[in-house]
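Understanding the architecture of this molecule
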Amino acid sequence: MNALGFAWRSLVRQPARAALGILGVAAVGALLFDMLLLSRGLIVSMQDLLDRGGWDVRVSAGDLPGMGLRIPNALETADTIARLPSVQAALVIRTASAQIDRSPGGSKDPPLPGGSPPVSPLRASFQGVTTRSTNPAGSRLRAPWTILRGRDAEHPDEIVVDEQIASDAAVAPGSEITIRASCVADLEALPEMRLKVVGVAEFPFQTSNESTAGGTLDALKAACGGNAGDTADLILVTSTGDAGATAAAIRAAHPELRAATNNEVVGRLQQTGFTYFRQISSVLTTVTVSFAVLLITVLLTVSVNQRLGEIAALRALGFSRMRVVKDVFAESVLIVGIGGLLSLPLGLLLASGLDRILKGMPGIPAALHFFVFERQALVVHVALLAATAIIASLYPMRIVSNLPIAATLRDEVIG
Amino acid sequence: VRSTFIAGIVAVLGVWLLPTLTSAQQVTAPDVLVSRQLAESEGLAVGSVIRLATEASGTRAREFRVAGIYEPTPDPSRLGQVPRSVRLHLPDLLDMTRPVDVPAGAEYVASVNVALVDPQDAQQFARDVNARLPGVLALPSGEAAGSAGPFRVLERFHLAIAVVTIVAATVFLLALTIMLVDERRETVGVLRLIGLPIRRIMVQILLEGLLVAGAGAIFGLVLALASEQLINQFFQWRYDTALVFVRITKDVALTCVMIAVPLGASATVVASWALLRRGGLRLARR
């Protein structure tokens, strides 16, 4: 019988302690796996979210779009950007806050006694977009949202809404809504406008606690009562090839603006935003691995100490020193190996729960994830567990390798 | 003050800043406060005269005198971002940010903080303001923070991690106690044979478990207290913030002891139970 088979029998002989040891490794391993997913999850998810839209370069007036600074002379600026040789298309995005009237049937507020139900308006953000391109392929590019039902808004009297608005205002493609948009300040008197809902869309950067509607820039200007001005929050650019060169060309043409490629945006996020999660991931990974090493070492050591007589007898029967050392190592490999395997599904389950908790943070897009599976994380997880199995078995292996056979057998008989 | 601060941060995103060493204008330039981080990066000191503009090109820049350097209020949602900010008096900020076609006094601010004579009246005061000033939303500070603030989300996240850690530790603890109890099988058998009832042995095991768990909990607390300072110093250095990351309060210590001691003692009793159900002879037999 080889060392692995022998170790398996040792474990099966004491099922309670073996099962508990394996379960302990599975729980610790799940936490370890999650911390590895967390260490790069946000970056990977953000990169995916940025790349998914198909836009290579983001142009804004400040470091972060939507922080009060807007791009002046937006259409003219977008035109000059679109005329750059390396640019395929530019998409101007202007955002306004809006109030959408709920239809009485769609209101979730309780009805007043003896009266009609209160119809407090829905608060939402309204994205108005327009494409600028000198390239025939670029002018066909779509808006930065994905249509789920119906079609995209193409005319100034059309709008697409997200699932939240569709549900709360009880509207569907073909319905009409009354919207009051504010392009300047929230407290201004808001003009009222009727728009036709032509589609239900998914907005990739929308946070989980906000509602968004989208349409053409003309629709937004009309909704704002012509009070939108010629400013934009963001200009998205698709390059014909090299995004870095395109961003540099835009910066040269408009030194007053910030132009960043998707990689640069992610790099900035890596350096500044949410580094806390990378740090906590490193700290918890270290603590978790140390915890696992310590506990498996104690488990194996106690187990070996209880079987010293048995091991000495095996040595006396002809088992070599190397063979008993291998047995102890195989036992460690089995406990950590089986526990490690169980930790993967357990870790993924735990990650989805922790992800839900962290996505409650304000300003986090609903499509962004903190825990993202990567092959690299799995490789590191396996490597760390393998190291744990080796390090944890070193001390018990030393005990059995130095075991004095005759003295141990005599102690066992006398004791 | 808070509205000034918020508006200041927004304006400062586009600030074009240039320290100058003029002396004659120091007397007339309005006062501003600069964050410690900005002062360090730009070499500013109290009395320095700086020029601020809302546009990156530096047009319509105005001079201000640094009246003081302040430590920004730690904000976990801005962790990792160096807070290079300036606090201006609200009229100065409005003068700088007001569009040319907007008359003075027609500007708006994001929020107004109100200090009440009796803070207990906050709810009623908010209701009165909401009733009398349509278009203005008044909230008590506690509600304004929102239920999904970064602090609360992080607290829930840490709690979830703690629960998983406790589960893993419990499982390991059970495995260990099963082994340790099994080691004392013969001793327990002899105690049974000389007439000690199961209840008496169980009490002894429970007391032993409590002592060991208590000692372990105290050791854990000492370790946590010793590492508290180290962890805070590391993260405060790493993020250049005054935010306190780890604080072991009396409540936290008490919660840890309340979880660890009963858990340790229970694990010992649970692990011993199967052993004690066997007969004394069977236990003592080699």
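Not measured: the values here are computed from a predicted model.

**A short note on empty space enclosed by the protein**
The final tally for this structure, using the stated rule, is 5 cavities of 30 Å³ or more. Reported here for the largest cavity is a volume of approximately 100 Å³. Surrounding the largest cavity, S10, L11, Q14, R17, A18, L299, L300, S303, R307, E331 and I335 of chain A together with M179 of chain B form its lining. Mapped by element, the contributors of at least two residues to the lining of the largest cavity are α1 (3–13), α2 (15–52), α8 (275–306) and α10 (321–358) of chain A. When residues in the lining of the largest cavity are grouped by element, the largest group, 3 residues, is from α8 of chain A. Among the residues forming the lining of the largest cavity, the class breakdown is 6 nonpolar, 3 polar and 3 charged. For the second largest cavity, the calculated volume is near 80 Å³. Lining of the second largest cavity is provided by F6, S10, R307, E310, I311, L314, V324, D327, V328 and E331 of chain A. Listed by contribution, the elements that provide at least two residues to the lining of the second largest cavity are α1, α9 (308–317) and α10 of chain A. Ranked by the residues each element gives to the lining of the second largest cavity, the list is headed by α10 of chain A, at 4 residues. Here the residues of the lining of the second largest cavity sort into 5 nonpolar, 1 polar and 4 charged.

**Concerning the nonpolar core**
Counting residues in hydrophobic clusters, the biggest one holds 65 residues, and the most contacted among them are L38, F277, I296, L358, F370 and F371 of chain A together with F157 of chain B. For this core, the elements supplying multiple residues, two or more each, are α1, α2, α7 (262–271), α8, α10 and α11 (375–401) of chain A together with α6 (150–183) and α8 (198–239) of chain B. No other element matches α2 of chain A, which puts 18 residues into this core. Among residues more than four places away in sequence, those in contact with F157 of chain B are L38, I280, L354, I357, L358 and F371 of chain A. Core analysis: the second largest hydrophobic core is formed by 26 residues, V161, A166, M193 and L195 of chain A among them.

**A look at the packing of aromatic side chains**
Considering all chains together, one arrives at 9 aromatic pairs over all chains under this definition. The interplanar angle of 65° and the centroid separation of 6.3 Å between the aromatic rings of F33 of chain A and F373 of chain A together place this pair among those described as edge-to-face. Taken together, the residues F33 of chain A in helix α2 and F373 of chain A in the loop between α10 and α11 connect sequence positions 340 residues apart. On the basis of relative accessibility, which here comes to 1%, the residue F33 of chain A falls in the buried class. An aromatic cluster is built from F234, F235, W237 and F245 of chain B, whose rings are joined through pairwise contacts. For R323 of chain A, the ring lying beneath its charged end belongs to F6 of chain A, and the centroid distance is 5.6 Å. The ring centre of Y70 of chain B lies 4.4 Å from the NZ or CZ of R87 of chain B, which sits over that ring.

**A closer look at the pattern of salt bridges**
Residue and element names in this part refer to chain A. Applying the stated rule across the entire model yields 19 salt bridges over all chains. R323 serves as the salt-bridge partner of D327, at 3.1 Å between the closest nitrogen and oxygen. With a gap of 4 residues between them, D327 and R323 both fall in helix α10, about one helical turn apart. Per residue, the accessibility class of D327 equals that of R323, and both read buried. The structure contains a network of salt bridges with shared partners spanning R13, R307, E310 and E331.

**Observations concerning helix α7 (residues 185–193) of chain B**
Residue and element names in this part refer to chain B. Turning to α7, its buried residues number three or more, namely V188, G189 and L191. Here the buried residues of α7 occupy an arc of 160° about the axis, which is enough to place them on one side. A positive backbone phi angle near 110° is found at G195, which sits one or two residues after α7.

**Considering the confidence of the model for chain B**
Mean pLDDT for chain B: 80, with 84% of residues reaching 70 or above. For residues 1–26 of chain B, every residue scores under 50 in pLDDT, and the model assigns this stretch 60 contacts once sequence neighbours within four places are set aside.

**Concerning the side chain of S211 of chain A**
Residues and elements named next belong to chain A. Relative to the elements of secondary structure, S211 occurs in the loop between β7 (193–202) and β8 (212–216). Given the relative accessible area of 9%, S211 is considered buried. Apart from the residues lying within four places of it in its own chain, the contact partners of S211 are R123, A124, S125, D162, Q164, I165 and Q206.

**Re the pairing of strand β2 (residues 87–100) of chain A**
Residues and elements named next belong to chain A. Counting buried residues along β2, 12 of its 14 residues qualify, which places the element largely inside the surrounding structure. Here β2 pairs with strand β3 (residues 122–132) via 11 bridges, running antiparallel. The residue bridging V92 from the neighbouring strand is T130, located in β3. Bridge count for β2 against strand β6 (residues 176–182) is 4 bridges, and the pairing is antiparallel. Residue A98 lies in a different strand from β6, and its bridge partner there is A181.

Cut-offs and rules
Residue numbers run consecutively from 1 along every chain, following the written order of its sequence. Going through the entries in the order they are written, you letter the chains from A and number the ligands from 1. Only residues with pLDDT of at least 70 get local features here, since the model is predicted, and only at 80 or more are side-chain atom pairs given and counted; chain-wide, interface and lining totals rely on the full set of residues. To obtain the side-chain values, all non-hydrogen atoms of the structure were included, while hydrogens and water were left out. A pocket here means an open set of points on a 1 Å grid, computed over the protein atoms alone, that has protein on both sides within 12 Å along at least five of seven lines. A cavity is instead a set of points where a 1.4 Å probe fits but cannot get out; residues with an atom within 4 Å of a point line either one. Grid points are joined across faces, edges and corners, and a volume is the space filled by probe spheres set on the points. Numbering goes from the N terminus for both helices and strands, where a helix is a DSSP run of H or I of at least four residues and a strand is a run of E of at least two. Charged residues are taken to be Asp, Glu, Lys and Arg, nonpolar residues to be Ala, Val, Leu, Ile, Met, Phe, Trp, Tyr, Cys and Pro, and polar residues to be all remaining types, Gly included. The term nonpolar core refers to a set of buried residues drawn from Ala, Val, Leu, Ile, Met, Phe, Trp, Tyr and Cys, joined through side-chain atoms within 4.5 Å. For each residue, the accessible area found with a 1.4 Å probe, counting protein chains only, is set against the maximum for its type, and the residue is called buried under 20%, exposed over 50%, and partly exposed in between. Residues count as neighbours in contact if any of their non-hydrogen atoms are within 4.5 Å of one another. Stacked, tilted and edge-to-face are the three classes applied to pairs of Phe, Tyr and Trp rings, where Trp contributes its six-membered ring and a pair requires centres within 6.5 Å; stacked means planes under 30 degrees apart, edge-to-face means over 60, and tilted covers the rest. Each ring is checked for a lysine NZ or an arginine CZ that lies within 6 Å of its centre and within 35 degrees of its normal; such an atom marks a charge sitting over the ring. Salt bridges are defined by distance alone: a side-chain nitrogen of Lys or Arg within 4 Å of a carboxyl oxygen of Asp or Glu. This arc is built from the directions going out from the helix axis to the C-beta atoms. pLDDT is a residue-level measure of predictor confidence that goes from 0 to 100. Between any two strands, pairing holds if DSSP finds at least two bridges.

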